[in-house]
Amino acid sequence: MSEPLDLCILGCGSVARLHSRILRTHKRAIRLSFASRDGARAEEYRRRFGGRHAFDSYETGCTHPDIDAVLVCTPTFLHADQAMMAAGAGKAVVIEKPAARSVAELDRVRAVAEDHGVFAAVAENYRFKPLLHAVRAHIDRGDIGTPQFVEISRAGRNKTGGWRGDADMMGGGALLEGGVHWIHLLTAIGGSPTTVVAARPTHGGNPVAPFEDGLDLLVRFDEGPVGRLFHSWNTTSRVFGLGMSRILGSDGNIHFESNGVFAVVLGRRTRFRIPGLSDLMGYKAMWRHLIDRMRNGGDSPIDLSAARQDLAFVEAAYRSLESGKFETL
């Protein structure tokens, strides 16, 4: 068997901890190192997760000769510079969501990755949710006929602070910071988005994020369906902790718990599905995919072009708030 890939995780916070718990189960394929501005913090993570190196600067983690790939888990405003540094040093790059604060930032990362011929992707676990694969299988089989409407609802109470309270560091509001997940899920079901219009409440409540903490969006897709995304960090629309979404087709519909706990298919066939609780959020499948692509190359549904589409969606939604009209991606 070939030597493990040496992956350095930049940033030693909760997101790095989540990925490390999964990646340490791939010891034959991945060897972890950690980089932080706080060397003691990096060493703590190295010991906890059985890592190889602990670096006291992000630059060292991006450029060290032992490192093959970098996972960027720092705040969003650092993503582009760190990803370009790693790609420029010939390392494969995986970037936490959102991949950048804007399309323009991400395009600079893509250019460096392409110039140096390195694999670059966004850590978009929603693409690998068992729910998505189950829903797509029913649609592709024609169980609900032709999809007409796709409605996804994500509402909850989120507390923000630190850099997430700074508009410039965030680069946007709740839709950018958390909503890119749900945008990706919506478009993976509905197809390629072409135009979007957004609306938000004009009064009431104390915002919990810069710029916006909740939006209602209507989307047109190339393939024909109409999409709707309700995304909020400052309201609830759940029953017993469960949010509900749905796909309405010409011959039936699929109702599903938004996070993927279950799905009910009512159409040419009737099914109650529990798609896969052991990997509900898709992280395990995502890392199996990413490890394979970093080793062997090949196309990926979560490459930087996919991340670009998600960011273009956010930017069009924000333009729509100003214009009051459908905006083109």
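Here, every reference points to the structure presented above.
Residues numbered from 1 in each chain as written. Predicted model: local features only at pLDDT ≥ 70, side-chain atom pairs only at ≥ 80, totals over all residues. Heavy atoms only, no water.

1. Focus: the side chain of Ser-300
Thinking step 1. Secondary-structure assignment places Ser-300 in the loop between α10 (283-296) and α11 (304-323).
Thinking step 2. Within polar-contact distance, the side chain of Ser-300 engages the side chain of His-289 at 2.8 Å.
Thinking step 3. There is a polar contact of 3.1 Å between the side chain of Ser-300 and the backbone nitrogen of Ile-302.
Thinking step 4. Contact partners of Ser-300, with chain neighbours within four places excluded, come to Phe-119 and His-289. (Helix = DSSP H or I, 4+ residues; strand = E, 2+ residues; numbered from the N terminus. Polar contact = N/O pair within 3.5 Å; in protein donor to acceptor, adjacent residues only side chain to side chain. Contact = heavy atoms within 4.5 Å.)

2. Here's the deal with α10
An α-helix turns once per 3.6 residues; consequently, residues spaced three or four apart project the same way.
Thinking step 1. In this model, α10 (14 residues) spans 20 Å end to end at C-alpha, consistent with the 20 Å of a helix rising 1.5 Å per residue.
Thinking step 2. Residues Tyr-283, Ala-285, Met-286, Trp-287, His-289, Leu-290, Ile-291 and Met-294 constitute the buried set of α10.
Thinking step 3. Contact partners of the buried residues in α10: β1 (5-10), α1 (14-23), β2 (30-35), β4 (69-72), β5 (92-95) and β6 (120-122).
Thinking step 4. The first or second residue beyond α10 is Gly-297, which carries a positive phi of 75°. (Expected span 1.5 Å × (residues − 1). Buried < 20%, exposed > 50% of the residue type's maximum accessible area, 1.4 Å probe, protein only.)

3. Regarding empty space enclosed by the protein
Thinking step 1. Inspection of the entire model under this criterion finds one cavity of 30 Å³ or more.
Thinking step 2. Lys-97, Pro-98, Ala-99, Val-122, Glu-124, Val-180, Ala-307, Asp-310 and Leu-311 are the residues that line the largest cavity.
Thinking step 3. For the lining of the largest cavity, the leading source of residues is α11, giving three residues. (1 Å grid on protein atoms, 1.4 Å probe; cavity = no way out; pocket = protein on both sides within 12 Å on 5 of 7 lines; lining within 4 Å. Points joined across faces, edges and corners; volume = space filled by probe spheres on them.)

4. Focus: the pairing of β1
Moving residue by residue along a regular strand, the side chains alternate between the two faces of the sheet.
Thinking step 1. Of all the six residues making up β1, six are buried; the element is thus mostly covered by neighbouring parts of the structure.
Thinking step 2. Relative to β2, β1 runs parallel, the two being bridged by six bridges. Looking at β2, one finds that Leu-7 is bridged to Leu-32.
Thinking step 3. Regarding topology, α1 serves as the crossover connection from β1 to the parallel β2, and that connection is right-handed.
Thinking step 4. Relative to β4, β1 runs parallel, the two sharing four bridges. If you follow Leu-7 over to β4, its bridge partner there is Ala-69. (Pairing = 2+ DSSP bridges. Right-handed = clockwise from strand over helix to strand, strands pointing away.)

5. So, a nonpolar patch on the surface
Thinking step 1. On the surface, Phe-272, Ile-274 and Leu-277 cluster together into a nonpolar patch covering about 330 Å² of accessible area.
Thinking step 2. Among the secondary structure elements, Ile-274 is positioned in the loop between β14 (270-273) and α10. (Patch = residues over 30% accessible without salt bridge, like charges linked within 9 Å, V, L, I, M, F, W, Y side chains within 5 Å. Areas by Shrake-Rupley, 256 points an atom, 1.4 Å probe, with all protein chains shown as cover. Salt bridge = Lys/Arg side-chain N within 4 Å of Asp/Glu carboxyl O.)

6. A few points about the layout of surface pockets
Thinking step 1. Put simply, the largest pocket is a space of about 1000 Å³.
Thinking step 2. In this structure, the largest pocket is lined by 44 residues; those nearest its centre are Val-15, Arg-164, Glu-177, Gly-178 and His-181.
Thinking step 3. Secondary-structure elements contributing two or more residues to the lining of the largest pocket are α1, α4 (76-88), β7 (147-155) and α9 (179-190).
Thinking step 4. Here the lining of the largest pocket gets four residues from one element, more than from any other, and that element is α1.
Thinking step 5. Grouping the amino acids of the lining of the largest pocket by side-chain chemistry returns 15 nonpolar, 19 polar and 10 charged. (Nonpolar A, V, L, I, M, F, W, Y, C, P; charged D, E, K, R; others polar.)

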